[in-house]
Amino acid sequence: MLPVLFLKNISITFGGKPMLEKANLSVSKGDRVCLVGKNGSGKSTLLKVAAGILEPDKGYKYVHPGAKICYLNQEYNYNKQDTVLDFILKEVPFNESREKVNILLNNLSLKENEKLSSLSGGEARRCAIARVLAPNPDILLLDEPTNHLDLLVIEWLEKEILNSNKAIIVISHDSNYYDVADRII
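Source: prediction; values computed, not measured.

## What about the pairing of strand 2 (residues 17-28)?
Point 1. As judged from the 8 bridges shared by strand 1 (residues 3-14) and strand 2, these two strands associate in the antiparallel manner. Bridge assignment links I10 to a residue of strand 2, and that residue is A23.
Point 2. Where strand 1 folds back onto strand 2 in an antiparallel hairpin, the turn is made up of 2 residues, including G15, whose phi is positive at roughly 55°.

Printed below as a string of structure tokens:
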């Protein structure tokens with residue numbers, strides 16, 4: 001199957017220190033890849049290049065034309081005055097149905113009118129997960145998705161990943177995610 005995301009010979013340096021050197025990654029529709037490695041080894045940097053947040057110093061990036069990428073960062077800078085619904089809908093095209101958003105709110109036990117400023121760490125993380133799942137991306141990039149989550153939500157997210165036909169790349173130190181991956185890199 002043709003890749004929907006392809007990174008070849010990606011190199012990036014921060015302050016004179018190489019973070020990535022000639023990194024390669026390819027995912028096709030339905031692939032579930034888990035990136036594993038020591039902290040500081042460049043996993044998050046590679047996802048940020050894939051998401052278009054960082055530009056590599058060298059290398060080639062291909063994203064299938066029209067493919068939508070959603071990226072779950074480890075930490076979000078929230079506008080604390082936004083409601084849960086405001087935050088989630090920022091990634092959902094205006095003309096799309098709210099049905100998916102309503103399902104996510106229910107499955108993740110989120111209240112749409114609650115202010116982000118009143119959320120716990122786990123609630124904020126669930127809100128961020130809803131934000132990346134709601135627009136139904138073709139490519140889903142998840143950086144440490146289980147941070148701050150309880151076991152029920154972790155299991156729910158695992159099922160979502162297993163039942164998905166999206167191209168998914170997960171960075172995780174949670175060995176349960178090794179079971180949902182087709183490839184571990």
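Still more to cover.
## Some thoughts on the packing of aromatic side chains
Point 1. Applying the stated rule across the entire model yields 2 aromatic pairs.
Point 2. Between the aromatic rings of Y78 and F87, the centroid separation amounts to 5.1 Å while the plane-to-plane angle is 55°, which identifies the pairing as tilted.
Point 3. On the accessibility criterion, Y78 (22% relative accessible area) is partly exposed.
Point 4. Over the ring of F87 we find R131, and its NZ or CZ is 4.2 Å from the ring centre.

## Quick word on the pattern of salt bridges
Point 1. What the rule picks out here adds up to 5 salt bridges.
Point 2. Among the salt bridges present, the one from D182 reaches R32, with a minimum N-O distance of 3.3 Å. Of this pair, D182 sits in the loop between helix 6 (176-180) and strand 8 (183-184) while R32 sits in strand 3 (residues 32-35); the two residues are 150 residues apart in sequence, bridging distant segments of the chain.
Point 3. On the accessibility criterion, D182 (46% relative accessible area) is partly exposed.
Point 4. In this structure, E112 engages R98 in a salt bridge whose closest nitrogen and oxygen atoms are separated by 3.1 Å. Highlighted residues: E112 in the loop between helix 3 (99-107) and helix 4 (121-133) and R98 in the loop between helix 2 (84-89) and helix 3, separated in sequence by 14 residues.
Point 5. Take E112: its relative accessible area is 27%, and that puts it in the partly exposed class.

## Thoughts on the sheet that holds strand 6 (residues 139-143)
Point 1. An order of 5-6-7-3-8 is seen for the 5 strands of this open sheet, with the pairing classed as parallel. Edge positions in the sheet fall to strand 5 (69-72) and strand 8, since each of these pairs with one other strand and no more.
Point 2. Strand direction decides the pairing type here: strand 5 and strand 6, joined by 4 bridges, are parallel. In the sheet register, L72 faces strand 6, and the bridge partner there is L142.
Point 3. Across the sheet, helix 4 is in contact with strand 5 and strand 6; its angle to strand 5 comes to roughly 170°.

What counts as what
- Residues numbered from 1 in each chain as written.
- Predicted model: local features only at pLDDT ≥ 70, side-chain atom pairs only at ≥ 80, totals over all residues.
- Heavy atoms only, no water.
- Pairing = 2+ DSSP bridges.
- Helix = DSSP H or I, 4+ residues; strand = E, 2+ residues; numbered from the N terminus.
- Phe/Tyr/Trp six-rings, centres within 6.5 Å; stacked < 30°, edge-to-face > 60°.
- Buried < 20%, exposed > 50% of the residue type's maximum accessible area, 1.4 Å probe, protein only.
- Lys NZ or Arg CZ within 6 Å of the ring centre and 35° of its normal.
- Salt bridge = Lys/Arg side-chain N within 4 Å of Asp/Glu carboxyl O.
- Contact = heavy atoms within 4.5 Å.
- Axes fitted to C-alpha atoms, helices over the stretch in contact; angles between N-to-C directions.

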